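So the chains spell out like this:
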Amino acid sequence: MARLQNHTAIITSASNGIGRAIALRFASEGAYVLLADTTETPRTGDATTLDLIRQAGWAADFRQTDVASWANLSACVADVAARHGRLDIMVNNAAIGKGGRLTDTTEDEWDDTMAVNLKGVFLGCKAAAQQMLGQEPRGEVRGRLINISSQHGMISSPNHLAYGVSKAGVVYMTRQIAADYAADGIVCNAIAPGKILTDMGGHVPTPDQLAYATSRTPWPRLGQPEDVASAALFLASPDATYITGENLMVDGGWMAS
Ligand SMILES: NC(=O)c1ccc[n+]([C@@H]2O[C@H](COP(=O)([O-])OP(=O)(O)OC[C@H]3O[C@@H](n4cnc5c(N)ncnc54)[C@H](O)[C@@H]3O)[C@@H](O)[C@H]2O)c1
């Protein structure tokens, strides 16, 4: 039995990297997934996530979405609710990284980063929770919110002040929402990836960055998007019902060392 049969999910920024892996994994487990990204074509020029899912015989749609826009995110939720009657899982995955150290970060870079990484998660959680509150629970749970944070929300993000602060905000927001909505049957967790091999933001990691990440990671390899997708599937499934407000490290032991 597929673990997400008859479930619906929205995955933000599902065209590349971690979001793409989560979308493929959820669809393979029977979920209908709405893929929400500013652009549908992956940076590599490979097949779109939508094409891969449909070619496999699974169910998905793509909707052009800027997570910094309430209108865009609430339209995603309305779309899924209109097609399937409910939204079971919201994955807030979109993030960008602009600016540098404190003195190298402009006001615009700060605002842009917060608009996507922090406000985007706020808007995604809010739009999803509004729908979830009005739907019948499946067992104990009305809906699940999964926010992608980072180990750099807990320790300094080398030369990336705005990114690190935004991710720390995501960890806090996850706890607050979990506490505020537990009585309503909404489960809210975060996943904190360590170094995952994507070309995040279109930047292929430099040899120096890879060497730094490798030196910080006890496990004898760096992460793959599928490692994060496995954690997301766990948090999206009934196996994780009494787990809420958690920030699950998927970091090969980075934060343990
Ligand atoms: N890759 C890592 O090592 C790593 C480590 C820690 C945390 N993370 C987090 O994982 C998540 C995914 O990272 P990734 O490496 O897959 O990134 P990625 O850059 O490969 O993919 C990000 C996607 O976000 C989309 N996007 C950008 N701005 C958007 C917006 N305003 N609205 C909607 N979509 C938008 C892009 O089009 C792209 O498809 C991010 O939250 C990131 O902070 C990644």
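As shown above, the structure is provided for reference.
So, here is what we can say about the structure in this document. (Residues numbered from 1 in each chain as written. Predicted model: local features only at pLDDT ≥ 70, side-chain atom pairs only at ≥ 80, totals over all residues. Heavy atoms only, no water.)

1. Some remarks on a nonpolar patch on the surface
Then, in step 1: A contiguous nonpolar patch, built from Leu102, Trp110, Leu161 and Val165 and spanning about 340 Å² of accessible area, is present on the exposed surface.
Then, in step 2: On the secondary structure map, Val165 appears in helix H6 (residues 161–181).
Then, in step 3: With relative accessibility at 36%, the residue Val165 sits in the partly exposed group. (Patch = residues over 30% accessible without salt bridge, like charges linked within 9 Å, V, L, I, M, F, W, Y side chains within 5 Å. Areas by Shrake-Rupley, 256 points an atom, 1.4 Å probe, with all protein chains shown as cover. Salt bridge = Lys/Arg side-chain N within 4 Å of Asp/Glu carboxyl O. Helix = DSSP H or I, 4+ residues; strand = E, 2+ residues; numbered from the N terminus. Buried < 20%, exposed > 50% of the residue type's maximum accessible area, 1.4 Å probe, protein only.)

2. Details of the packing of helix H4 (residues 107–117) against H6
Then, in step 1: At a minimum axis separation of 9 Å, H4 and H6 run at an interaxial angle of 30 degrees. Compared by their axis directions, H4 and H6 come out roughly parallel. Here H4 runs over H6; the crossing is right-handed. Residue-level contacts link Trp110, Thr113, Met114 and Asn117 of H4 to Leu161, Ala162, Tyr163, Val165, Ser166 and Val170 of H6.
Then, in step 2: Partitioning the contact of H4 with H6 into residue classes produces 7 nonpolar, 3 polar and no charged. (Axes fitted to C-alpha atoms, helices over the stretch in contact; angles between N-to-C directions. Parallel < 35°, antiparallel > 145°, perpendicular 65-115°, else oblique. Left-handed = near helix turned anticlockwise from the far one by under 90°. Contact = heavy atoms within 4.5 Å. Nonpolar A, V, L, I, M, F, W, Y, C, P; charged D, E, K, R; others polar.)

3. Thoughts on the packing of aromatic side chains
Then, in step 1: Going through the model one piece at a time under the given rule, you end up with 1 aromatic pair.
Then, in step 2: Taking 5.9 Å as the distance between ring centres and 75 degrees as the angle between the ring planes, the aromatic pair formed by Tyr212 and Trp254 counts as edge-to-face. Within this pair, whereas Tyr212 is found in helix H7 (residues 207–216), its partner Trp254 is found in the segment after strand E7 (247–250), the two being separated by 42 residues in sequence. (Phe/Tyr/Trp six-rings, centres within 6.5 Å; stacked < 30°, edge-to-face > 60°.)

4. Some details on the packing of helix H3 (residues 70–84) against helix H5 (residues 119–133)
Then, in step 1: Interhelical geometry of H3 versus H5 gives an angle of 30 degrees and a closest axis separation of 9 Å. The angle between H3 and H5 places the two elements in the roughly parallel class. For the element pair H3 and H5, the recorded crossing hand is right-handed. Contact residues: H3 offers Trp70, Leu73, Ser74, Val77 and Ala81, while H5 offers Gly120, Leu123, Gly124, Lys126, Ala127, Ala128, Gln130 and Gln131.
Then, in step 2: Among the residues forming the contact of H3 with H5, the class breakdown is 7 nonpolar, 5 polar and 1 charged.

5. Regarding the pairing of strand E4 (residues 89–92)
Then, in step 1: Burial along E4 is two-sided: the residues Ile89 and Val91 and Met90 and Asn92 are all buried.
Then, in step 2: Direction of pairing for strand E1 (residues 8–12) relative to E4: parallel, over a ladder of 3 bridges. The residue bridging Ile10 from the neighbouring strand is Met90, located in E4.
Then, in step 3: In the sheet, E4 pairs with strand E5 (residues 143–148) via 4 bridges, with the strands oriented parallel. Across the sheet, the residue bridging to Ile89 is Arg144, located in E5. (Pairing = 2+ DSSP bridges.)

6. So, the pattern of salt bridges
Then, in step 1: Under the criterion given, the structure shown has 11 salt bridges.
Then, in step 2: Where Asp61 meets Arg54, a salt bridge forms, and the shortest distance between an N and an O atom there is 2.8 Å.
Then, in step 3: Overall, the relative accessible area of 15% leaves Asp61 in the buried class.
Then, in step 4: Judged by relative accessible area, Arg54 falls into the partly exposed class, the value being 44%.
Then, in step 5: Arg63 is paired through a salt bridge with Asp79; the nearest N and O atoms lie 3.0 Å apart. Taken together, the positions of Arg63 in strand E3 (residues 60–64) and Asp79 in helix H3 put the pair 16 residues apart, joining distant regions of the chain.
Then, in step 6: One network of salt bridges, in which partners are shared, links Arg54, Asp61, Arg63, Asp79 and Arg83.

7. Section: the sheet that holds E1
Then, in step 1: Pairing within the open sheet is parallel, and its 7 strands lie in the order E3-E2-E1-E4-E5-E6-E7. Bordering the open sheet on either side are E3 and E7, each of which pairs with just one other strand. Averaged over neighbouring strand pairs, the angle between their axes works out to 20 degrees when direction is ignored.
Then, in step 2: As paired strands, strand E2 (residues 32–37) and E3 are joined by 5 bridges and run parallel to one another. Pairing of Leu35 across the sheet is with Phe62, part of E3.
Then, in step 3: Those strands touched by helix H1 (residues 17–28) are E1, E2, E4, E5 and strand E6 (186–193), and its axis lies near 170 degrees from that of E1.
Then, in step 4: Across the sheet, helix H8 (residues 225–236) is in contact with E4, E5, E6 and E7; its angle to E6 comes to roughly 165 degrees.

8. Examining unusual backbone geometry
Then, in step 1: Backbone geometry at Ser13 places phi at a positive 50 degrees, although glycine is not the residue there.
Then, in step 2: By secondary structure assignment, the location of Ser13 is in the loop between E1 and H1.
Then, in step 3: The backbone of Asn159 sits at a positive phi, close to 60 degrees, despite the residue not being glycine.
Then, in step 4: Position of Asn159 among the secondary structure elements: in the loop between E5 and H6.
Then, in step 5: For Asn159, a relative accessible area of 48% corresponds to the partly exposed category.

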